[in-house]
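# Observations on the three-dimensional arrangement
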Amino acid sequence: MKIRKQLYADIILQHMPVGAAIYDAQDWRLLAANPCFLSYLDTFVEPRWQHGQAVGHSITELHIQVQTSDVSDIFARVAQSGQAERVESMAILTPQGTLTYWNWTLDVLRDEEGHIQYLLQTVIDVTAQVRARRAAEQQRLSTVLDQLPEGILMADAISGVISYVNPTAAHFLGMTQEQLMGMAVSRLQSFDEIEACNQPGSDGSPVPWNFFLIQALSGETIRSKETVISHADGTRLNVLISAAPLYTSNGMMSSAVLILQDITEQKSVEQQKNEFLWMANHELRTPVTIIQGFAELLVQSEHGLDEETRSALLNIIEQSEYLSGLVESMLDMTRLEQQQFQLQLAPHDLLALVMRIVESQAVTTSLHQLRFVTEGIATTDELICLIDRERMTQVLSNLLNNAMKYSPQGGTIEVGLRAMARTSRQQGSHTYQEALIWVKDQGIGIAAADIPHIFDRFYRSRVIDRSMSGFGIGLYIVKEVVTRHGGRVWVESAPGRGSTFYLWLPLKTQS
Ligand code: ADP
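Note that the structure is a prediction, hence the values are computed from the model and not measured.

Analysis parameters
- Residues numbered from 1 in each chain as written.
- Predicted model: local features only at pLDDT ≥ 70, side-chain atom pairs only at ≥ 80, totals over all residues.
- Heavy atoms only, no water.
- Near = heavy atom within 4 Å.
- Polar contact = N/O pair within 3.5 Å; in protein donor to acceptor, adjacent residues only side chain to side chain.
- Helix = DSSP H or I, 4+ residues; strand = E, 2+ residues; numbered from the N terminus.
- Salt bridge = Lys/Arg side-chain N within 4 Å of Asp/Glu carboxyl O.
- Buried < 20%, exposed > 50% of the residue type's maximum accessible area, 1.4 Å probe, protein only.
- Expected span 1.5 Å × (residues − 1).
- Arc of directions from axis to C-beta.
- Core = buried A, V, L, I, M, F, W, Y, C linked by side-chain atoms within 4.5 Å.
- Domains from an automatic or database assignment.
- Contact = heavy atoms within 4.5 Å.
- Pairing = 2+ DSSP bridges.
- Axes fitted to C-alpha atoms, helices over the stretch in contact; angles between N-to-C directions.
- Patch = residues over 30% accessible without salt bridge, like charges linked within 9 Å, V, L, I, M, F, W, Y side chains within 5 Å.
- Areas by Shrake-Rupley, 256 points an atom, 1.4 Å probe, with all protein chains shown as cover.
- Phe/Tyr/Trp six-rings, centres within 6.5 Å; stacked < 30°, edge-to-face > 60°.
- Parallel < 35°, antiparallel > 145°, perpendicular 65-115°, else oblique.
- Left-handed = near helix turned anticlockwise from the far one by under 90°.
- Nonpolar A, V, L, I, M, F, W, Y, C, P; charged D, E, K, R; others polar.

### Observations regarding the site of the ligand
Close to the ligand lie 20 residues, the nearest being N402, Y406, D441, R460 and L475. Residue K405 places a side-chain N or O atom 3.1 Å away from an oxygen atom belonging to the ligand. L475 places a polar main-chain atom, nitrogen or oxygen, 2.8 Å from an oxygen atom of the ligand. Elements represented by at least two residues in the shell around the ligand include exactly helix 13 (389-405), helix 14 (474-484) and strand 19 (499-507).

Structure follows, in structure tokens:
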């Protein structure tokens, strides 16, 4: 009876689709294993240990690596702690190149006195279940992605070909899903065109959409970049693009995803709004200039004016100057939006320019003391560089006007200019100059929450007294002008503690 039971147990072990192996707990020698286990072992040991040759040898001799850990480490842990360990869905590539998945356990067997005598390993092939689960997940994901109004594309990190495209993306790109699937991302545009995009959009031309996918495949994350997709039939689509690399749990880049949003309609509404703003301001410009001109003429007239009339006329002049300033800012803003804002660069002395603006603004206020400081240069020096003099005057006047407007209690306003020599490492010994200009006031300051938006179009701090006139376009123009000079602007401020606006400019002496 006992013999028959043993026979049955052997038959079960020989034929069951679960691999089982027993090891000596001391030296981890493989004592015995069923055929299923041995064929599993054959998939990742050297040929000399295959076909049962491993029996009688310690697991340490087999040098087995699973995923990121060494099998010997797992054996050591289990043998020492007596606690079983389980590895789920471990991926193993067979010598034939097929990816298989296995669950395995390592447990201890004790003798009658409770000492660990053997280690028992079981392995189960779960490839079919893992594949079915992945396929279902993929299917579910595709069902959702296929319905989205956003275009989604995925490209494989190793091959660089498109591995998924939803119907919306195919529609946006004017191709079929079949045409796009399997296509190399870089093949969608010639190499020269991609090279030309090293400075995307710098020349105002739209960046090819796949350039962003290439960037994502090189590890970059791209957020909300605008570009244009041109179709063969001549239609154009304005799109907003975001792209990012995707990583596996062990940190390897597996693919990159690109999301396309159609913003053609928004762009067209924005365009109409800009055209309206342009027209309205253009129409206002002439009458305002005429009103101001006539008022100035009357004030200067030979015939004596009574004090009341004279003061009314001066008021008209002041208000028309303010109005024409607003009209010009609005026109500048629409020029910027329509890409019609051109800098007239010419060599000018930046130091003389800043000094002149400070002097002319100082006479307009009795409430504030304007102080001009220099660092790294003497006021007798020259700082010749390529700038648009009118635009730079507008920038500094805007900052100084703001410093006065937002310091209603008065106080000192410091305008500083520091010139610096910098050696570029990339260009060897080549040295060039840069300048830092700051306008520091002791006014109401800016809340931390407003600082990231302060240079945005139409943005005004939420806490300012609305009786302080303004439209929120001055700083937007400041930023655009400085950026187009290759510079940067930023602000440091705290409510009640004043603000310091900084302009950093590279001092280019030739184009
Ligand atoms: P405007 O002054 O016409 O509102 P700006 O674009 O020049 O527009 O400024 C935007 C906003 O930034 C202002 O409304 C104000 O809230 C804030 N701001 C600008 N300069 C200062 C400053 N020196 N101190 C405090 N707040 C400022």
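### What about the pattern of salt bridges?
Note that side chains of opposite charge can pair when their charged atoms are close. One pass over the structure, following the stated rule, counts 13 salt bridges. The residue R29 makes a salt bridge to D27 at a minimum N-O spacing of 3.0 Å. For R29, a relative accessible area of 31% gives the class partly exposed. What makes D27 partly exposed here is its relative accessible area of 35%. Taking the shortest distance from any N to any O, the salt bridge between E88 and R86 comes out at 2.9 Å. Since its relative accessible area comes to 48%, E88 is described here as partly exposed. A relative accessible area of 52% places R86 in the exposed class. Here the salt bridges do not stand alone but share partners, grouping D24, D27 and R29 into one network.

### A look at helix 5 (residues 127-147)
Taking 1.5 Å as the rise per residue, helix 5 with 21 residues should run 30 Å; its terminal C-alpha atoms sit 30 Å apart, in good agreement. Of all the residues in helix 5, the buried ones are T127, V130, S142 and L145. One face of helix 5 carries all of its buried residues, which in axial projection span an arc of 100°. Those residues of helix 5 that are exposed and aimed more than 90 degrees away from the buried face are A128, Q139, R140, V144 and Q147.

### Section: the nonpolar core
Core analysis: the largest hydrophobic core is formed by 47 residues, its most contacted members being L350, V354, L383, L417, I437, V478 and L503. Counting only domains with at least three residues in this core, you end up with domain 3 (267-337) and domain 4 (346-506). Filtering out sequence-adjacent residues up to four positions away, V478 remains in contact with V395, N398, L399, V489 and L503.

### What about the sheet that holds strand 8 (residues 151-156)?
Pairing is antiparallel across the open sheet formed by five strands, whose spatial order is 9-8-12-11-10. Only two strands of the sheet have a single neighbouring strand rather than two, namely strand 9 (162-165) and strand 10 (222-230). Each strand axis lies, on average, 25° off the axis of its neighbour in the sheet, ignoring direction. Bridging between strand 11 (residues 236-247) and strand 12 (residues 253-262) involves nine bridges; their strand directions are antiparallel. The residue of strand 12 that forms the bridge with S242 is I259.

### Considerations on the domain arrangement of the protein
By the assigned domains, the protein splits into domain 1 (2-125), domain 2 (130-262), domain 3 (267-337) and domain 4 (346-506). Taken over C-alpha atoms, the centre of domain 1 sits 73 Å from the centre of domain 4.

### Focus: a nonpolar patch on the surface
Side chains of L7, Y8 and I11 sit close together on the surface and give an oily, nonpolar patch of about 300 Å² of accessible area. Structurally, L7 is set in helix 1 (residues 2-15).

### Considering the packing of aromatic side chains
Counting across every chain of the model gives seven aromatic pairs. When the centroid spacing of 6.2 Å and the interplanar angle of 80° are considered together, the rings of F211 and F212 count as edge-to-face. In this structure F212 comes out as buried when scored by relative accessible area, which is 3%.

### Description of unusual backbone geometry
A positive phi angle, near 45°, is found at S224, a position not held by glycine. The topology assignment puts S224 in strand 10.

### Considering the packing of helix 10 (residues 264-299) against helix 11 (residues 307-337)
Here helix 10 crosses helix 11 at 155°, and the two axes come no closer than 8 Å. Classified by the angle between their axes, helix 10 and helix 11 sit roughly antiparallel to one another. Remark: the crossing between helix 10 and helix 11 carries left-handed chirality. Considering only residue class, the contact of helix 10 with helix 11 consists of 17 nonpolar, seven polar and eight charged.

### With respect to helix 4 (residues 71-81)
Among the residues of helix 4, those classed as buried are V71, S72, I74, F75 and V78. Axial view of helix 4: buried residues confined to an arc of 160°, hence all on one face. Immediately beyond the C-terminal end of helix 4, within one or two residues, lies G82, with a positive phi of roughly 80°.

### Thoughts on the pairing of strand 7 (residues 116-125)
Pairing analysis gives seven bridges linking strand 1 (residues 18-24) to strand 7, with the strands arranged antiparallel. Of the residues in strand 7, the one forming a bridge with D24 is Y118. Connecting the antiparallel pair strand 6 (residues 99-110) and strand 7 is a turn made up of five residues, with G114 showing a positive phi of about 90°.

### Comments concerning the environment of Y40
Tracing the sequence through the fold places Y40 in helix 2 (residues 35-42). For the pair formed by Y40 and D125, sequence separation is 85 residues and the distance between their alpha carbons is 8.6 Å. With near-sequence residues (within four places) excluded, Y40 lies in contact with M90, I92, W102, W104 and V123.

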